[in-house]
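Report on the structure
Here is how the chains run, residue by residue.
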Amino acid sequence: MKVRGFLSQKTSQCMQAIDLFPYWDDNRALLAELVQPLREEELEFRPAPGFDPLGEVLRHIITTEESWWHGGIHGVPFDQWRPAEWDRRTGEEKAAYRRQRFPTVASILDGLRVAHAPVVQFLKELDAWALCERRRSTWGEENSLRWMLWHLVEHDQHHRGQVYTRLRMLGYQPPSTFPRAAVMGGTPAAHWRLGEVEIKDIVPFWKAVRSTVHDAVASLTAADLPFRPADGFPSIHDLVLHLFIWEDFLIRQMLKGEVNQDWGRIEGSFWKCQVTDLALTIGDRFPSVVSLLEAMDAVHDATRVFIEGLEIGDLTRPHETPWGPQTLHHTLWYAREHAVHHRAQLFLRMRMVGRMPPEI
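The sections below set out a description of the structure shown in this document. Not measured: the values here are computed from a predicted model. (Residues numbered from 1 in each chain as written. Predicted model: local features only at pLDDT ≥ 70, side-chain atom pairs only at ≥ 80, totals over all residues. Heavy atoms only, no water.)

**What about the overall build of the protein chain?**
Heads up, the condition is: Every helix listed is a DSSP run of H or I at least four residues long, and every strand listed is a run of E at least two residues long, numbered separately from the N terminus. Throughout, radius of gyration means the C-alpha value; the globule benchmark is 2.2 Å times the number of residues raised to the power 0.38. Buried means the residue's accessible area, taken with a 1.4 Å probe over protein chains only, is under 20% of the maximum for its type, while exposed means over 50%, and partly exposed covers the values in between. In what follows, residue pairs with any heavy atoms lying within 4.5 Å of each other are defined as contacts. In short, Shrake-Rupley with a 1.4 Å probe defines the accessible areas, and a residue's cover is counted only from the protein chains shown. Under the counting rule used here, the positive set is Lys and Arg, the negative set is Asp and Glu, and His together with the chain ends is not counted. Just so you know, the charge point we use is NZ for Lys, CZ for Arg, CG for Asp and CD for Glu.
When you go through the protein chain residue by residue, the secondary structure sums to 11 helices and 6 strands. Taken over C-alpha atoms, the radius of gyration comes to 21 Å for the protein chain, in line with the 21 Å a tight globule of 360 residues would show. Each principal axis of the C-alpha atoms in the protein chain carries an extent, and together these give about 55 × 55 × 35 Å. Within the protein chain, buried positions represent 54% of all 360 residues. Put simply, of all contacts in the protein chain between residues at least 6 apart along the chain, 78% involve residues at least 24 apart. Total accessible area on the protein chain stands at roughly 16,300 Å², and carbon and sulfur atoms take up 52% of it. On the protein chain, the mean spot of the 41 positive side-chain charges and the mean spot of the 48 negative ones are 2 Å from each other.

**A few points about the nonpolar core**
Keep this limit in mind: Within this scheme, the nonpolar core is defined by two criteria: the residues are buried Ala, Val, Leu, Ile, Met, Phe, Trp, Tyr or Cys, and they are joined through side-chain atoms within 4.5 Å.
Among the nonpolar cores identified, the biggest contains 78 residues, and V217 and F244 are the most heavily contacted of them. Tallying contributions element by element places helix α8 (residues 236-255) first for this core, with 13 residues. Not counting chain neighbours up to four residues away, the residues in contact with V217 comprise V240, V289, L292, L293, M296 and L346. Counting residues in each nonpolar core, the second largest holds 21 residues, with L34, V163, Y164 and Y172 among its members.

**Examining the pairing of strand β6 (residues 324-327)**
Put simply, the rule is: Two strands are said to pair when DSSP picks up at least two bridges between them.
The sheet contact formed by strand β5 (residues 318-321) and β6 spans 4 bridges and is antiparallel. Paired with T321 across the strands is G324, a residue of β6. Here β5 folds back onto β6 in antiparallel fashion, the turn holding 2 residues.

**What about the side chain of R166?**
For the record, the criterion: Salt bridge, as applied in this entry: a Lys or Arg side-chain nitrogen positioned within 4 Å of an Asp or Glu carboxyl oxygen.
Mapped onto the elements of the fold, R166 is located in helix α5 (residues 145-169). The buried charged residue R166 lacks any salt bridge partner; its closest oppositely charged side chain belongs to D52, at an N-O distance of 5.7 Å. Setting aside anything within four residues of it in sequence, one finds R166 in contact with F45, P47, F51, D52, P53, L54, V57 and L348.

**Observations concerning the pattern of salt bridges**
Scanning the entire structure with this criterion turns up 31 salt bridges. A salt bridge links R193 to E196, with the nearest nitrogen and oxygen atoms 3.3 Å apart. Classification of E196 as buried rests on a relative accessible area of 5%. Note that D248 and R252 form a salt bridge whose closest N and O atoms lie 2.6 Å from each other. In this pair, D248 and R252 are both assigned in helix α8, 4 residues apart and thus about one turn of the helix distant. Each member of the pair, D248 as well as R252, carries the same accessibility label: buried.

**Overview of the environment of V57**
With respect to the secondary-structure elements, V57 resides in helix α2 (residues 54-73). Between the alpha carbons of V57 and P47 there is a distance of 12 Å; along the sequence they are 10 residues apart. Apart from the residues lying within four places of it in its own chain, the contact partners of V57 are D52, H159, V163 and R166.

**Considering the packing of aromatic side chains**
Which entries qualify depends on this criterion: Each pair of aromatic rings taken from Phe, Tyr and Trp, with Trp reduced to its six-membered ring, is defined by centres within 6.5 Å and is described as stacked if the planes are under 30 degrees apart, edge-to-face if over 60, and tilted in the remaining cases.
Within the structure shown, the criterion is met by 18 aromatic pairs. Seen in terms of ring centroids, W68 and W139 are 5.1 Å apart; in terms of plane orientation they differ by 90°. Their pairing is edge-to-face. Placement of W68 in helix α2 and of W139 in the loop between β3 (134-136) and β4 (142-144) is noted, with a sequence separation of 71 residues between them. Taking the relative accessible area as the measure of exposure, W139 reaches 31% and is therefore partly exposed. Seen in terms of ring centroids, F249 and W271 are 4.1 Å apart; in terms of plane orientation they differ by 20°. Their pairing is stacked.

**A word on the environment of F205**
Structurally, F205 can be placed in the loop between α6 (181-184) and α7 (206-218). With 54 residues separating them along the chain, F205 and V259 place their C-alpha atoms 27 Å apart. If sequence neighbours within four positions are ignored, F205 has contacts with R146, W147, W150 and R336.

Now the structure itself:
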């Protein structure tokens, strides 16, 4: 009998939980790669008045992982890992404490490494079936281990997207999130036995990611669409177009094999357009919030149907991309990652125009 996609009883050679997060290390390595070249004074850069500086976003990534490790996964009492009277401190006092702990680029890099190391070791020692276990956090929430760990994956990707915007505003050209040749062609799925895992466990909670993007776009007005944080940056309109055009490219064209074929109002070549040029070149096909929502829904519905038809054996299947071979497994991971990354950038722009994005 299966429980939420995993075997409900332990066998002598169960797959390990780390196998379900095969690209997380690469995501973290990319985050460290972004931080490495920063100058100390750039940690104080803000994209606009009232927004968190770059250093605070990075410190938040560290301390959130610490919080979920101690208080979420293990439910350790607050007084064993958090400063006394933390709840009584103001936001400014909490930020000052984080800045005191991680004042430099080197200390932030070390903090990212030290906070993540026990999580990785935990996954290496945990059988995959145990991810179904529900645990109660110190702050009273009860969630499965799978949800907690995927929450941390998504948290990394979300705030990395905000780091990218800040870096570009500082004049950096950060490395691309795709292609990542070192991981594109690999997957542990070749060693999985039939019945150990289901497709829905490979990219879980994607429905929630898609739902928050949909709600965010639905809250926009036509006047919001042209907004961009600075000259040369993608507008809100550009980002929304990029979200569903790239999903169509990754899933329908790459995985289903309909390369460069048109589909409805989406031409097969749209993915080749620069993100900053999308609204200018194809925005007239999707000129309104309603038309953007319709296209988003159609693309993601097609994605959902395709994924539901997959089997675990499909994950190892390679396909060609313009940047080299890639497994189906990595494409699914990256498609979800891409949505989270650009959702974060969309949310930042929404706040800059005075709109509150939906809760994650």
